[in-house]
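Residues per chain, in single letters:
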Amino acid sequence: MTSARNRELLALVPVAALLTAGFAAVFSQENEQLGNLSLIYGAYFLALCLATHIFLRIRLPDADPYLFPLMATLTAFGLVMIYRIDEGLARDQANWFVLGLVLFALTIQFLRDYEVLERYRYTIAIGGLLVLLAPRLPGIGQQVNGAYLGVKIGPLAFQPAEFTKLAIVVFLASYLREHREVLIVGARRVLGVTLPPLKHFGPMLVVWGASMFMLVFIRDLGSSLMFFAAFLALLYVATGRFSFVVIGMAMFLVGAWFFASTVPHVHERIDIWLHPYEDPQDSGYQILNSIFAQADGGLFGKGFGEALITVPGGGPLLPAAQTDMIYALIVNEVGLFGAVGVVLVYMLIAARGFKVALLAGDGFSKLLATGLTAVFVIQAFVIIGGVTRVIPLTGVTLPFISYGGSSIVANFVLLALLLLVSDRARREAAEPAGRTPALGATA
Amino acid sequence: MNRQIVKLFAFVMVLFGVLIGFTSWWSVFDAEALKEKNANKRPLLEQQQIPRGRILAADGTVIAKSVAKGKGAEKRYVRRYPEGSLFGHPIGYSFVQFGDSEFEQFHNEELVGEGSEFSSIADELLGHAQEGNDIVTSIDSDAQRLALAELQEAGYGAVVALEPSTGAVKVMVSNAPYDPNRVPDNFSKLTNNNIERPLYDRASQGQYPPGSTFKVVTAAAGLDSGAITPETAIDAPGSLEVEGTPLENDFGQDFFGTTLDTALTNSVNTWFGQLGQQLGNDTLFEYMERFGFNAKPAIDLPEEEVSASGVFDEDGDLLRAKDPVDLARLAIGQERLLATPLQMAQVAAAVANGGTLMKPQIWKREVDPDGRVVETMDPSVYSEAVSEETAAELTTAMEGVVNEGTGTNAAIPGVPVAGKTGTAETPGNLACGGGENENQAWFIGFAPADDPQIAIAASVECTEQFGGDIAAPIFRDVAEAILNGEE
């Protein structure tokens, strides 16, 4: 199935062109004249992508041909945006991109038989949750805007939530693969509502508890929302019971409502979302300026490097432009058209990711691909939705675009797992029938 | 499970659809409303990135210019006023944090280059940076300098000089002046200075009792309505009982069988008082309105920063012809009549221009960054105040004032001058510190009387001197400077 890889190679060409053009645009804006540096950056990026492509040709010849180019598109676009904000940040981001590719390759190299993950599901789940606590540990924990999101050990800083999302998806995919039958069969109808059997639902409640715990202890509304939404998506796909989703959503809302009224940080976030104009200079400043930046962009945007990020001679006009607010900056600089383009890329990734899940032969692969895709697109939704005031603004990164090492690296591992599932699924689908279809393929 | 996966995918598509919907709402559909929000600093910051056009005096002196600060996206322009306080009025200031005023505010669109909708869209598509147009004013910088210097000697007040045939503003000064460059650092100090009120343009906003200068309007109404001719003789006793209080001439002098020339030359109160009573409310108000009273002046300054002239009640509302007024005292510029120096300059200009009042305009032409003239001020008529004949008769009478009456200090050697003095007593005026001997001293007039090139009103607050002594010399010097400058 080398045609898949040929298509991948072809798809990488526009990515490199996009990056080169983007850098060229930023350069011409800042340096009046065009240096050849933009071409050099474009060439480096293309070389890295080619190397990855060749690696995929050898290791995963049958994997989905579009996922990698789509994610490379986002990375390229993110690099240009970050470069436009700050050259130094872009250099960091480029290094993390390389590190991300390395981890991507290592994952593919050593996790070819990704079923081993199933064996360690509890270890992975507990590890993922424990690492979440790290930001609260004295000495290494960091508090940003009232939320405990980061860990800093010496020069190394990372956000555990980015890795925990992978752990939780792996755990849920494995657990649900095993228990989905009993969850479906054991369900009881009480007062016309289908309830899951309590015995098997226990571990599921743990996920709810973990989400609530994150809300209170880490105060990370964004990750909490993201994890729980991914959980509901997996629960729905595994059981086909929409009532479970409704019950889960109700539980989350009740919990969130309870904590929103007791935990000041969460309460404030929701308050700002509902009434941003009440304190436009302070608490409402970020979301309002996000919206003002978008209004400033209009249909076509101001062009790369043309938007205002800081008040001349003053503070930030668009706070956290390189991380949380990067989508607002995108709308500002490339307009509604550019932003819709970015959203379309996420939609295409969703399409390809769920396609992988559809093709996958066994239950674990199906649920794993679904979970990975779901958590990825939900993360994009949570931050873009926050920036556009669809939901309260929370601090999660825009996958592959926002500045942030943990985010880039974790998402490349996510991509690697998705491609691993895809490679096997597509190979099995192409092979003549003979092997027995794996469990759950007919559900 | 595949069915659920497809449904989940559909749900995700709906979610992303919502994102696109919200992005469209903020970036396109609601964008204009968001730009209007007070919390939104972007429009101001962006205006700061546009090199605002220069403002120039008629001789090319740079009144206002923009200088660049910072680089790249941080680059912004800040307004500089090289001549300091000389043109603080009427040009005003423009600073992002403190807003703008006067001429800078009125001509903002041209100065930031938003003149034509089409060219700005084309520029945006072509990636041209927006750039403002220059505006050349008709202000005579030498005369402006002289007027301010003399006014600063004399006291708080204002001088306005108009070109009668076009309405072009040649001089517009207000004392106390202010330096627009100092606005950013001293904003609250300048706004809270209630004694000098430096930000207040006395020329266009200051409302003062015009005193005897208003007799020109009364005379114009009398002549033009046919109520009198230059030969009509009126008996004007030294004192006349009006509405219970005596109206008196200076030194109680009697003027029996007097015609207009003598009455104006000697500023005979009882003569004009009787003429006013004879004219009645309707006629007098109609002529006031023809000269520009009872309305904001049609000058290129923001409406909030110019004052109307007329008779005001206790609430500051303008009285109309139907309202009861003391006609005799109104006719000599008393009653509750208040006029701006700009308004009184318009009275002189209308007489000088054969009875036709032109709209006063400060700007002369708009020039784009490439030096092409975009637009030139097209003089337009405000009103046909009086007939040419009436204007000629008034001119003769006003020449008498300067030749042998109260206004001899306004005479310019070798140039016939027409004018009228005014001295309104303002005892107990708190603005003057509440003294009992303070006057509002005026002189309005034009020169040369046989071929008027310039019409001027000079007004001095809180002085113990008379209009003929303190305002007339300012008129003379400014008129001379302008006439000499044009040779």
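All values reported here derive from a predicted model rather than from experimental measurement. (Residues numbered from 1 in each chain as written. Chains lettered and ligands numbered in written order. Predicted model: local features only at pLDDT ≥ 70, side-chain atom pairs only at ≥ 80, totals over all residues.)

Examining the overall build of chain B
- When helices and strands are tallied, chain B shows 16 helices and 21 strands.
- Within chain B, buried positions represent 54% of all 487 residues.
- Here the contacts in chain B between residues at least 6 apart in sequence split such that 70% fall between residues at least 24 apart. (Helix = DSSP H or I, 4+ residues; strand = E, 2+ residues; numbered from the N terminus. Buried ≥ 20, exposed ≤ 12 C-beta atoms within 10 Å, placed from the backbone. Contact = placed C-beta atoms within 7 Å.)

A look at the confidence of the model for chain A
- Per-residue pLDDT for chain A averages 84, and the proportion of residues at 70 or more is 91%.
- Here residues 436-443 of chain A is modelled with pLDDT under 50, and outside its nearest four sequence neighbours on either side it reaches 14 contacts, counting other chains as well. (pLDDT = per-residue confidence, 0-100.)

Points about the interface of chain A and chain B
- At the interface, 46 residues of chain A touch 34 residues of chain B.
- Listed by contribution, the elements that provide at least two residues to the side of chain A that touches chain B are helix 9 (221-239), helix 12 (285-297), helix 13 (326-359) and helix 14 (363-387) of chain A.
- Sorting elements by how many residues they give to the side of chain A that touches chain B places helix 13 of chain A first, with 13 residues.
- Tallied by class, the residues present in the side of chain A that touches chain B amount to 32 nonpolar, 10 polar and four charged. (Nonpolar A, V, L, I, M, F, W, Y, C, P; charged D, E, K, R; others polar.)

Quick word on the sheet that holds strand 8 (residues 169-175) of chain B
Residues and elements named next belong to chain B.
- The five strands are arranged 8-7-21-20-19 in an open sheet whose pairing can be described as antiparallel. Edge strands, defined here as strands with exactly one partner in the open sheet, are strand 8 and strand 19 (418-425). Going across the sheet, the axis of each strand differs from the next one's by a mean of 5°, ignoring polarity.
- Bridge count for strand 7 (residues 157-162) against strand 8 is six bridges, and the pairing is antiparallel. Looking at strand 8, one finds that L162 is bridged to V169.
- Helix 14 (residues 341-352) rests against strand 7, strand 20 (439-447) and strand 21 (454-463) of the sheet, and its axis sits at about 150° to strand 21. (Pairing = 2+ DSSP bridges. Axes fitted to C-alpha atoms, helices over the stretch in contact; angles between N-to-C directions.)

What to know about the packing of helix 12 of chain A against helix 13 of chain A
Residues and elements named next belong to chain A.
- The interhelical angle for the contact between helix 12 and helix 13, taken along N-to-C directions, is 15°, at an axis separation of 7 Å. Put simply, helix 12 runs roughly parallel to helix 13. The crossing of helix 12 and helix 13 is left-handed. On helix 13, the residues touching S290, A293, Q294, D296 and G297 of helix 12 are A328, L329, V331, N332, E333 and G335. (Parallel < 35°, antiparallel > 145°, perpendicular 65-115°, else oblique. Left-handed = near helix turned anticlockwise from the far one by under 90°.)

Remarks on the packing of helix 10 (residues 215-224) of chain B against helix 12 (residues 269-290) of chain B
All names here are of chain B.
- In contact at an axis separation of 9 Å, helix 10 and helix 12 are set at 85° when each is read in the N-to-C sense. Compared by their axis directions, helix 10 and helix 12 come out roughly perpendicular. Seen from helix 10, the contacting residues are K215, V217, T218, A220, A221, G222 and D224; seen from helix 12, they are F272, L275, G276, L279, T283, L284, Y287 and M288.
- Its residues assigned to classes, the contact of helix 10 with helix 12 shows nine nonpolar, four polar and two charged.

Regarding the nonpolar core
- Formed by 160 residues in total, the largest nonpolar core has its most connected members in A230, L234 and L329 of chain A.
- Considering every element that reaches this core, the biggest residue donor is helix 13 of chain A, with 19 residues.
- Membership of the second largest hydrophobic core comes to 122 residues, among which are Y81, F87, A203 and F255 of chain B. (Core = buried A, V, L, I, M, F, W, Y, C linked by C-beta atoms within 7 Å.)

Quick word on the pairing of strand 19 of chain B
All names here are of chain B.
- Among the eight residues in strand 19, seven count as buried, and that is most of the element.
- In terms of strand pairing, strand 19 meets strand 20 through eight bridges, oriented antiparallel. Residue pairing across strands places A424 opposite Q440, the latter belonging to strand 20.

Let's talk about unusual backbone geometry
Residue and element names in this part refer to chain B.
- Here the residue pair N175 and A176 is connected by a cis peptide bond, since its omega of 10° sits within 30 degrees of zero.
- Between A447 and P448 the backbone carries a cis peptide bond, its omega angle lying at -15°.
- Tracing the sequence through the fold places P448 in the loop between strand 20 and strand 21.
- A positive phi is found at R197, a non-glycine position, where the angle reads about 45°.
- By the secondary structure assignment, R197 is in the loop between helix 9 (183-192) and helix 10.
- Of note in the backbone geometry, E335 takes a positive phi value of approximately 55° without being a glycine.

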